[in-house]
Each structure stands twice: as structure tokens, then as C-alpha cells.
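Here is what each chain is made of, one letter per residue.
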Amino acid sequence: MKTVQRFYFDHNATTPVSPEVLETAVTCLGQVYGNASSIHHFGQAAKQRLETARRQIASLIGCQAREIVFVSGGTEADNLALFGTVRQAKRSGRHVITTAIEHPAVLNACAQLEREGVAVTYVPVGADGVVDPDDVRRALRADTVLVSVMHANNELGTVQPVPEIAAIAREAGVYLHVDGVQALGKIPVDVDALGADLYSMSGHKVYAPKGIGALYVRRGTRLGAILFGGHHERERRPGTENVPGAAAFGCAAELAGAHLETEVRRTGELRDRLEAAILERIPRTGVNGNRAARTPNTTNIYFDGLEGEALVIALDLRGFAVSSGAACSSGAVEPSHVLTAIGLKADRARASIRFSLGRGNTAEQVDALVEAVAAAVTHLRRLSPVMA
Ligand code: PLP
């Protein structure tokens, strides 16, 4: 049987661990096994690795190392930001503002807050997939404690007007949490320029392993713990630290910073090449969301007259990994909440595919992908004349 050559175009779902990061993680796993809380040599060696990693991540987002809290990933960072601020402010605040296009890590945390008696306003987005800061302003109440908005959307790549929203939150004396999981490593991040009080990050989206993430917590932010145990991470996140994971994330953050400028340009050019070729070659296609304000690696395209899931499978058989909607909701019957929120009808939402590029992709791969998409779409549309 002929082996299929495989190409990965699903970097918003996760990224491969880069060789330098792998080496760091393996070395650390093998050699730095002390508990970072122990006062002996082994513990202190682990502590040093942890603090180096903290500095590397802090440097990528322009904050102080002590403002970085290590957690298990983006989901935990989001949960810590939401529950940690809202529960802390319980007596004074009972209202949170977020948006309709957040990741389930925020939306389902908000649903739980609602079950706990907290009011949540879900600000809509326009057809461009971008939040209007004035909608955030209008949603403010006297008892609002937190605004939570993502920096870049995972499905569309759309970048939200965070500094404008931050100005509104600051004026109202309300904390701003930014889910930066899909922005880190793809666009420049400076928490001061953004005006974020809390910023969520995930290692596996930036060529580090799964199971490590971080939450930036601006100095002075009142944040309670949501897990209870030892005194780790300045009382904010108990549990023996994942030193190899943190060291890997730190290394990945440093590489992301070093590669940022060239990768923004390179993936942007490849994404535009892919998008232009698909739109030109394949009829009844279009780009979902704002094409200007996007992360450079992402495009979300509808192919009217077919099922996105069928196209994902057809492309997988041809060796190309892409995604229909968010990876986490693949398999769900419901169309993507993000595509529905920007006003797409269910049929078009279900006929949409996300292509997310990364470090390993080349122009040759993009051209081969275009051929495969064109062939698969023609085939699938022929099979479903009813939808077509
Ligand atoms: N937030 C966003 C915007 C995401 O895209 C994801 C993952 O896809 C998460 C949060 C969750 O991150 P993790 O997979 O590290 O828990």
C-alpha cells in the first residue's frame, strides 16, 4: 500500500514540539528531578529552571517574571482568571462581561459562574468576527467585576480591539482578562500596551508540550486560588511544579520571540497564497470574518454545497490535516458557535473549514493542499447534488 505523505495545517488545534524544546524537556525530565520547593541542591536546581522559564515567558509578553503563574494549560488559565477574580470580589461584584465567540474554556466557566448566581453578559460580534468596544461599554453595570475577551479567535483568527476594551474597563474600575492562547507566538503581545490585568497562555499552541500553560496576573490584581494545597506559585496555584513542562514552555517562548517577525511575514504570505488560490479556483467559496484584523496564520473558508466534516475526512485521506470549526467541538452536530455568532446560516457554518499554518509549512505544501482541496470539493459536490 502506498504511504500517504502527511502535511499539517491545523496549528490552531495544537503544534508539534519543536526540536530545541524537546531537547530542553527531555534533559530536564532526566536530570532536573528535584522538587522546586526543596531547599537542597536538587530542589534548588529545579527552582532555577522554573525561574528561568518564568523570565523567558515574561520577556515574550513584556511583564515581570513574578507576574507569571504556571498552570496546566489554557483551560486552567482561563478558569483561574474567571473564578479567581469573581470569587474574590464576591461581595462587591456579581456581573461579568464576555463575548459570544470565546473558547469553551471561557464560555463554560461563565456558564458555571451563572449557576453560582453570577450574572454574565455575552457581547455579540458583527459579521467581521470583531467585538465592538461600545457594546462592552453598554454592557457595564455598577456591579461588574470582570471583562473577559479573547485576543485572537481560534476559529477565525480575528484579533479583538483589546486596548480599546481595556480603556473602558479601566475607566469603570473593572478587571480585564484576555484569553491570549491563540495570539501568543502569532502576533506581538505586550500586556501593558494591551492593558490586560490577566492574560492566558498555553504551551502546546507555541511548539511546547501539552499540559503546561501560564496566567499573567498584573501586580496588585486580587486573585484567589481555585485549587487548594501548598504554597506554590505565590499562593495562586498549589501543586508540585511541572518543571520540565515549564522549562519547555520557557524555551518555546524564547524561540517564539526570536522567530516572531519572520514567521508573521512568512505564514502571512503562505496563508494569503492559499486563500487566493482557493477563492480563485473553487466557485462558491468565501472567507469568514474580517480579513484585515487576523492572526497571519489563519483562514476560515466556506465551501457552499458540502459538509465541512466530509471535506476534513477527504483531505485527511489525501494527507492534509485541517479542521472544521474548533478542534474541541469536532464531532458535535451543532454548527460552530463562532460562525453562528458572525451570522452564518447553519448550512454555511457546517460547510466551513479552518486552515491554520505554522512553522513547518512551505509554499510547495500550500500548492499541493490547493490541488487536494479543489479535487475533494469537486468530488464531494458531485456526490451531494441536493445540497449543491
Ligand atoms: N482558549 C483558546 C482561545 C483556545 O484556542 C484554546 C485551545 O484550543 C484554549 C483556550 C484551551 O487551551 P488548552 O488546550 O491549553 O487547555
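Residues numbered from 1 in each chain as written. Predicted model: local features only at pLDDT ≥ 70, side-chain atom pairs only at ≥ 80, totals over all residues. Heavy atoms only, no water.

**Q** Please set out the sheet that holds strand β8 (residues 213–217) residue by residue, giving values where relevant.
**A** Spatially, the seven strands line up as an open sheet ordered β2-β8-β7-β6-β5-β3-β4, and their pairing is mixed. Lying at the two open borders of the sheet, with one neighbouring strand each, are β2 (68–71) and β4 (119–123). Strand-to-strand twist across the sheet, computed as the mean angle between neighbouring axes with direction ignored, equals 20 degrees. Pairing of strand β3 (residues 95–99) with β4, which is carried by five bridges, proceeds in the parallel orientation. What sits directly across from Thr 98, in β4, is Tyr 122. (Pairing = 2+ DSSP bridges. Helix = DSSP H or I, 4+ residues; strand = E, 2+ residues; numbered from the N terminus. Axes fitted to C-alpha atoms, helices over the stretch in contact; angles between N-to-C directions.)

**Q** How would you explain the pairing of strand β6 (residues 175–179) if you had to name every residue and give the values?
**A** Within β6, four of the five residues are buried, which leaves it mostly tucked inside the rest of the structure. Relative to β6, strand β5 (residues 144–150) is paired through five bridges, and the arrangement is parallel. Opposite Leu 146, over in β6, you have Tyr 175 as the bridge partner. Between the parallel pair β5 and β6, the chain is carried across by helix α6 (residues 162–172), and the sense of this crossover is right-handed. (Buried < 20%, exposed > 50% of the residue type's maximum accessible area, 1.4 Å probe, protein only. Right-handed = clockwise from strand over helix to strand, strands pointing away.)

**Q** So what's going on with α6? Residues and values would help.
**A** Three or more residues of α6 are buried, namely Val 162, Ile 165, Ala 166, Ile 168 and Ala 169. Axial view of α6: buried residues confined to an arc of 160 degrees, hence all on one face. Those residues of α6 that are exposed and angled more than 90 degrees off the buried face are Arg 170 and Glu 171. At its buried positions, α6 is contacted by α5 (133–139), β5, β6 and α7 (191–194). One or two positions beyond α6, positive phi appears at Gly 173, with a value near 70 degrees. (Arc of directions from axis to C-beta. Contact = heavy atoms within 4.5 Å.)

**Q** Outline the environment of Ala 36, supporting the account with residue identities and numerical values.
**A** Examined against the element boundaries, Ala 36 turns out to sit in the loop between α1 (19–31) and α2 (41–61). Between the C-alpha atom of Ala 36 and that of Thr 240, which follows or precedes it by 204 residues, the distance is 7.4 Å. Aside from chain neighbours lying at most four places away, what touches Ala 36 is Gly 43, Ala 46, Lys 47, Leu 50, Glu 241 and Val 243.

**Q** Can you tell me about the pattern of salt bridges, naming the residues and giving the values?
**A** Applying the stated criterion to the full structure yields 19 salt bridges. A salt bridge links Asp 143 to Arg 141; its shortest N-O distance comes to 3.0 Å. By relative accessible area, which is 22% here, Asp 143 ends up partly exposed. We note a salt bridge from Arg 273 to Asp 367, for which the minimum N-O separation is 2.8 Å. You can see Arg 273 sitting in helix α9 (residues 243–281) and its partner Asp 367 sitting in helix α13 (residues 363–383), a full 94 residues away along the chain. A residue is classified by how much of its surface remains accessible, and Arg 273, at 40% relative accessible area, is partly exposed. Given the relative accessible area of 32%, Asp 367 is considered partly exposed. What you see here is one network of salt bridges that share partners, running through Lys 47, Glu 51, Arg 54 and Glu 233. (Salt bridge = Lys/Arg side-chain N within 4 Å of Asp/Glu carboxyl O.)

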